[in-house]
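Chain and residue survey
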Amino acid sequence: MTPDAQPFAGDKAAAQQRFLSLFLRSEREIFRYVAVLIPNVADAEDIVQQSALALWEKFDAYDPSQPFTPWACRFALNKAKQWIERRQRWQALLEGGLAEELAQRREELRPEFEVRLKHLERCLNKLPEEQRGLIEGYYYRREGIEKLAEDSGRTVAATYKILQRIRQALQVCVENAAKGVA
């Protein structure tokens, strides 16, 4: 029996602790495995993090009688292959003139964007202070939803819901302003 083959406790906290223990012991080896395929360190680190998420999602399928690292490296290999495929598709699009086309289209639409941004600014100023504060916290200061929920005295779900309603109201306001409706 391998050192990874300790029995799992039934609750989620114990499984999470077990996963973290196994992953942290294997992380350097997983990184080395990915770094052979993806030489850019930042990209390799991102792939390892994506692999960790995938591993956690499938952790209930892990056979603790088998070593963890080879199992984890298979996930990392799949994530690395996906990254390479996406990069190759993106590179092909760029070589096909997509970047130039996007830049040209953006330039064509710039006057419209500027008008819509002015409308958005006016619409934001019409919001009640609390709603504007949520929008500014989420989009401008990049505060986490948990912090915004805590600061506003709401649950996370309620905070997401109110942000959705505010976005919808802003969209209607901007569209009405673009149509010339007061």
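Shown above is the structure to which this text applies.
In short, a report on the structure. Just so it is clear, the structure is predicted and the values come from calculations on it, not from any experiment.

For the structure on display, the rule yields eight salt bridges. Between E108 and R105 there is a salt bridge, and its shortest N-O distance comes to 3.3 Å. Taken together, the residues E108 and R105, both in helix α4 (residues 98-126) and three residues apart, mark about one turn of the helix. Residue classification places E108 among the partly exposed positions, given a relative accessible area of 46%.

A few words on the packing of aromatic side chains. With the rule as written, the count across this model stands at eleven aromatic pairs. Here F19 and F59 contribute two aromatic rings whose centre-to-centre distance is 5.2 Å and whose plane-to-plane angle is 70 degrees, an arrangement assigned as edge-to-face. Pair noted here: F19 is in helix α1 (residues 12-37) and F59 is in the loop between α2 (41-57) and α3 (68-95), with a separation of 40 residues, a long-range link. Looking at F59, the relative accessible area reads 5%, which means it is buried. Consider the rings of W56 and F59, whose centres lie 6.1 Å apart with planes at 25 degrees: the pair is stacked. Given the relative accessible area of 28%, W56 is considered partly exposed. Site record: aromatic cluster; members linked through ring pairs are F19, F23, W56, F59, Y62, F68, W71 and F75.

Moving on, we come to the environment of L163. Locating L163 in the fold gives a position in helix α7 (residues 156-179). Judged by its relative accessible area of 0%, L163 falls in the buried class. Separated by 27 residues in sequence, L163 and E136 have C-alpha atoms that sit 11 Å apart. Residue contacts for L163: discarding those within four places in its chain leaves L134, I135, Y138 and I145.

Under the counting rule described, the total for this entry stands at one disulfide. Across a sulfur-sulfur distance of 2.0 Å, C123 and C173 are joined as a disulfide pair. One disulfide, between C123 and C173, carries an S-S torsion of -85 degrees and so falls in the left-handed class. Separated by 50 residues along the polypeptide, C123 in helix α4 and C173 in helix α7 bring together distant segments of the chain. Neither C123 nor C173 differs from the other in exposure class; each is buried.

We now examine the nonpolar core. Core analysis: the largest hydrophobic core is formed by 22 residues, its most contacted members being F23, I30, V34, L55 and F68. Those elements that provide at least two residues to this core are α1, α2 and α3. When residues in this core are grouped by element, the largest group, eight residues, is from α3. For F23, the contacting residues outside a window of four places in its chain are I30, V48, A52, L55 and F68. Core analysis: the second largest hydrophobic core is formed by 13 residues, C123, I135, I162 and I166 among them.

The rules behind each value
- Residues numbered from 1 in each chain as written.
- Predicted model: local features only at pLDDT ≥ 70, side-chain atom pairs only at ≥ 80, totals over all residues.
- Heavy atoms only, no water.
- Salt bridge = Lys/Arg side-chain N within 4 Å of Asp/Glu carboxyl O.
- Helix = DSSP H or I, 4+ residues; strand = E, 2+ residues; numbered from the N terminus.
- Buried < 20%, exposed > 50% of the residue type's maximum accessible area, 1.4 Å probe, protein only.
- Phe/Tyr/Trp six-rings, centres within 6.5 Å; stacked < 30°, edge-to-face > 60°.
- Contact = heavy atoms within 4.5 Å.
- Disulfide = S-S within 2.5 Å.
- Core = buried A, V, L, I, M, F, W, Y, C linked by side-chain atoms within 4.5 Å.

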